[in-house]
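Letter by letter, the chains look like this.
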Number of protein chains: 2
Amino acid sequence: MTDRTPLWQAIAATLRAEIETGHYRPGTRIPSEAALAARFGVNRHTVRHALADLAEAGLTHARRGAGVFVLARPTDYPLGRRVRFSQNLAAAGRSGTHRFTRLETRPCDAGEAEALALTQGDPVHLVEGLSLADDQPVALFRSVLPGRLEGFLEAARDRQSITAALAACGVADYTRASTRITAKLASATQGALLQLPQGAPILRSVAVNVDGGGRPVEYGRTWFAGDRVSLVVG
Amino acid sequence: MTDRTPLWQAIAATLRAEIETGHYRPGTRIPSEAALAARFGVNRHTVRHALADLAEAGLTHARRGAGVFVLARPTDYPLGRRVRFSQNLAAAGRSGTHRFTRLETRPCDAGEAEALALTQGDPVHLVEGLSLADDQPVALFRSVLPGRLEGFLEAARDRQSITAALAACGVADYTRASTRITAKLASATQGALLQLPQGAPILRSVAVNVDGGGRPVEYGRTWFAGDRVSLVVG
DNA sequence: GAGTATTTGTCCGTATGTATT
DNA sequence: TAATACATACGGACAAATACT
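Residues numbered from 1 in each chain as written. Chains lettered and ligands numbered in written order. Predicted model: local features only at pLDDT ≥ 70, side-chain atom pairs only at ≥ 80, totals over all residues. Heavy atoms only, no water.

- The name an unreviewed UniProt entry assigns to chain A is Phosphonate metabolism transcriptional regulator PhnF, from the organism Paracoccus aestuarii.

Shown next, in the form of structure tokens:
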């Protein structure tokens, strides 16, 4: 019985298995195209065809002059009605932390006013920061909360958690009213903060969270490193 | 009472309103920075600050040497447990259609086998196509379905609908088991099909749909034009 | 900083088997 | 059957980015 599966598919399957069993670990380099061609006894182009398949599936990424690297499997980031950022990464088996880079109270602009059902110029609390998974930046966030929540900023600074700070302000529970997700390209500053090249793909999510009574309590925008995160729905 | 809202915010709000009321239509150019500066009686840099705000919000896009253009409002694409592609765009008040570009049955590869709980080489039906909203391409999709669904391809061709074809094969209802969303850059071919430049941001969603008994019936991958679609959760 | 070797990306070509017309 | 198109596989050459000395 002749084997009719193309060579490149067989090679791709072999490499895929070796990545998934951990023989080639995330972040490490796999052998060069020339080395793989020698190992499988095929032409370099045949190896390239297989590698293209892996890259298309998001398993590897080639850097010219450097080699082909195994990508970390994107951190799953569940999106549900009752999702807390800090819990997500913990659930994914990663050490998830975040750093607040800005905490202030100021008048809101038109967009923020619309999202939070306020009128322009009303005071809002602003929290900006950076989410890290295993010490690697995965997301930038900017949360805007209505100014009626007195003492929110201090609570956020002390507890280093938006959820805990909301609880301290009497908002014990809140749910995700809606989330919009679009793809953008990283700006220079976003790229610098997320340690991505400018022009790298990022996911922008815009979410409005409401309290038990349906009143908006948080207008959050988050920019995820597109290749380090996958948002999971359902 | 003195007005304490910054000039640039007032200008941004004015332009935002003019875009949203349709005074400036998607795809068209808004007046030059110099013209806007003259209109509002401010320095060009103040106008630039306002325009930067609009661009950051995804309303406009500046092209050096050409001008500032109004972007089409992204089509909202709800993601729920029981979501049908064709219904989405209709619900968004747009004329949503899709064209199938490929219909065939062939042995599955390793990744498809894992997603559908099959073994590699088992026959699967493949449906590829293009989703259009108002005659503008918004998404590419590739659905893979287990080969045990006899007559699926013919049903899909006749009815031009995956949902209807599944119903014809006895799968009356199916739900979204999980969806993963990541951001990628458009490849050359994706860009050509979606009428986007290569390197434009796209959303890749990978979904597995299951029948009532929890058996996988569809492994669908969709690539959305990142700036023409926003996925809505909740 | 300069120079060299390595590695991937892209192009040229050739040949063969398979499926479609 | 013949012509055509397509996928697969191999070989070579050079460019571009990177790594290393």
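And the narrative resumes.
1. Some remarks on the overall build of chain A
Working step 1: A tally of helices and strands in chain A yields 8 helices and 11 strands.
Working step 2: The burial tally for chain A puts 47% of its 234 residues in the buried class.
Working step 3: The long-range share in chain A, meaning contacts at least 24 apart out of those at least 6 apart in sequence, stands at 56%.
Working step 4: For chain A, the exposed surface amounts to about 11300 Å²; the carbon and sulfur share of it is 52%. (Helix = DSSP H or I, 4+ residues; strand = E, 2+ residues; numbered from the N terminus. Buried < 20%, exposed > 50% of the residue type's maximum accessible area, 1.4 Å probe, protein only. Contact = heavy atoms within 4.5 Å. Areas by Shrake-Rupley, 256 points an atom, 1.4 Å probe, with all protein chains shown as cover.)

2. Details of the UniProt feature "domain: HTH gntR-type" (unreviewed entry) in chain A
Working step 1: With numbering aligned to this structure, UniProt lists the feature "domain: HTH gntR-type" (unreviewed entry) at residues 5-73 of chain A.
Working step 2: The distance separating the terminal C-alpha atoms of residues 5-73 of chain A is 27 Å; by composition the span is 51% helix and 14% strand. (UniProt positions renumbered as here; feature names shortened; annotations may be inferred.)

3. A look at the interface of chain A and chain B
Working step 1: Tallying the contact residues gives 38 residues for chain A and 36 residues for chain B.
Working step 2: When the area that chain A buries against chain B is broken down by residue, the three leading residues are Ile181(A), Ala183(A) and Val233(A), summing to 18%.
Working step 3: Remark: the boundary between chain A and chain B carries 0 salt bridges.
Working step 4: Breaking the side of chain A that touches chain B down by element, the ones donating at least two residues are α1 (7-20), α3 (44-56), β4 (75-79), α5 (110-116), β8 (174-185), β9 (201-211), β10 (216-225) and β11 (229-233) of chain A.
Working step 5: Of all the elements, β8(A) adds the most residues to the side of chain A that touches chain B, at 9 residues.
Working step 6: Taken together, the residues of the side of chain A that touches chain B break down into 17 nonpolar, 10 polar and 11 charged.
Working step 7: Relative to strand β11 (residues 229-233) of chain B, β8(A) runs antiparallel, the two being bridged by 3 bridges. Looking at the pairing, Thr179(A) lines up with Val233(B) of β11(B). (Buried area = accessible area lost by both parts, 1.4 Å probe. Salt bridge = Lys/Arg side-chain N within 4 Å of Asp/Glu carboxyl O. Nonpolar A, V, L, I, M, F, W, Y, C, P; charged D, E, K, R; others polar. Pairing = 2+ DSSP bridges.)

4. A look at unusual backbone geometry
Residues and elements named next belong to chain A.
Working step 1: At Ala-117, a position not held by glycine, the phi torsion is positive, near 60 degrees.
Working step 2: With phi around 55 degrees, Gln-160 is a residue other than glycine that occupies positive phi space.
Working step 3: Residue placement: Gln-160 occurs in the loop between α6 (152-159) and α7 (162-168).

5. What to know about the pattern of salt bridges
Working step 1: A complete count under the given rule lists 19 salt bridges over all chains for this structure.
Working step 2: With its nearest N and O atoms 3.2 Å apart, the salt bridge here joins Arg16(A) to Asp53(A). Of this pair, Arg16(A) sits in helix α1 while Asp53(A) sits in helix α3; the two residues are 37 residues apart in sequence, bridging distant segments of the chain.
Working step 3: As a salt-bridge pair, Glu33(B) and Arg44(B) come within 2.5 Å of each other at their nearest N and O atoms. Of this pair, Glu33(B) sits in helix α2 (residues 33-40) while Arg44(B) sits in helix α3 (residues 44-56); the two residues are 11 residues apart in sequence, bridging distant segments of the chain.

6. Some points on the domain arrangement of chain A
Working step 1: For chain A, the assigned domains are domain 1 (7-70) and domain 2 (75-233).
Working step 2: On a C-alpha basis, the centres of domain 1 of chain A and domain 2 of chain A stand 37 Å from each other. (Domains from an automatic or database assignment.)

7. Comments concerning the protein's contact with DNA strand D
All names here are of chain A.
Working step 1: Close contacts around DNA strand D come from 13 residues, with Leu-7, Asn-43, His-45, Thr-46 and Arg-64 the closest.
Working step 2: The contact atoms of DNA strand D, taken as those within 4 Å of the protein, divide so that sugar and phosphate hold 70%.
Working step 3: In the environment of DNA strand D, a phosphate oxygen lies 2.5 Å from a nitrogen or oxygen atom belonging to the backbone of Leu-7.
Working step 4: In the model, a phosphate oxygen of DNA strand D is placed 3.2 Å from a nitrogen or oxygen of the Arg-63 side chain.
Working step 5: Among the elements of the structure, α1 and α3 are those that each provide at least two residues to the surface near DNA strand D.
Working step 6: By residue number, the principal contributor to the surface near DNA strand D is α3, which donates 4 residues.
Working step 7: Here the residues of the surface near DNA strand D sort into 5 nonpolar, 5 polar and 3 charged. (Near = heavy atom within 4 Å. Polar contact = N/O pair within 3.5 Å; in protein donor to acceptor, adjacent residues only side chain to side chain.)

8. Topic: the relation of the copies chain A and chain B
Working step 1: Expressed as a screw operation, the relation of chain A to chain B combines 0.3 Å of axial shift with a rotation of 180 degrees, fitting to an RMSD of 0.7 Å. Here the two chains are linked by the operation of a two-fold rotation axis. (Least-squares fit on C-alpha atoms with pLDDT ≥ 70 in both.)

9. Focus: the sheet that holds strand β3 (residues 67-70) of chain B
Working step 1: Strand order in this open sheet of 3 strands is β1-β3-β2 (chain B), and the pairing throughout is antiparallel. Across the chains shown, the open sheet's two edge strands, defined by having one partner strand only, are β1 (29-30) and β2 (60-63) of chain B.

10. Details of the protein's contact with DNA strand C
Residues and elements named next belong to chain A.
Working step 1: Close to DNA strand C lie 13 residues, the nearest being Glu-33, Arg-44, Arg-48, Ala-62 and Gly-65.
Working step 2: Considering the 4 Å shell around the protein, atoms of DNA strand C inside it are sugar or phosphate in 62% of instances.
Working step 3: In the model, a base nitrogen of DNA strand C is placed 2.8 Å from a nitrogen or oxygen of the Arg-44 side chain.
Working step 4: Between DNA strand C and the protein, one listed contact pairs a base oxygen with a backbone N or O atom of Gly-65 at 3.2 Å.
Working step 5: Counting only elements with at least two residues in the surface near DNA strand C, the list comes to α3, β2 (60-63) and β3 (67-70).
Working step 6: In terms of residue class, the surface near DNA strand C is made up of 2 nonpolar, 4 polar and 7 charged.

11. Notes on the sheet that holds β3(A)
Working step 1: What the 3 strands build is an open sheet, ordered β1-β3-β2 (chain A); its pairing is antiparallel. Edge positions in the sheet fall to β1 (29-30) and β2 of chain A, since each of these pairs with one other strand and no more.

12. Observations concerning α6(A)
Residue and element names in this part refer to chain A.
Working step 1: Inspection of α6 places Phe-152, Leu-153, Ala-155 and Ala-156 among the buried residues, and these make up the whole buried set. In an axial view of α6, the angular spread of the buried residues amounts to 165 degrees, which keeps them on one side of the axis.
Working step 2: Two residues or fewer after α6 comes Gln-160, characterised by a positive phi angle close to 55 degrees. (Arc of directions from axis to C-beta.)

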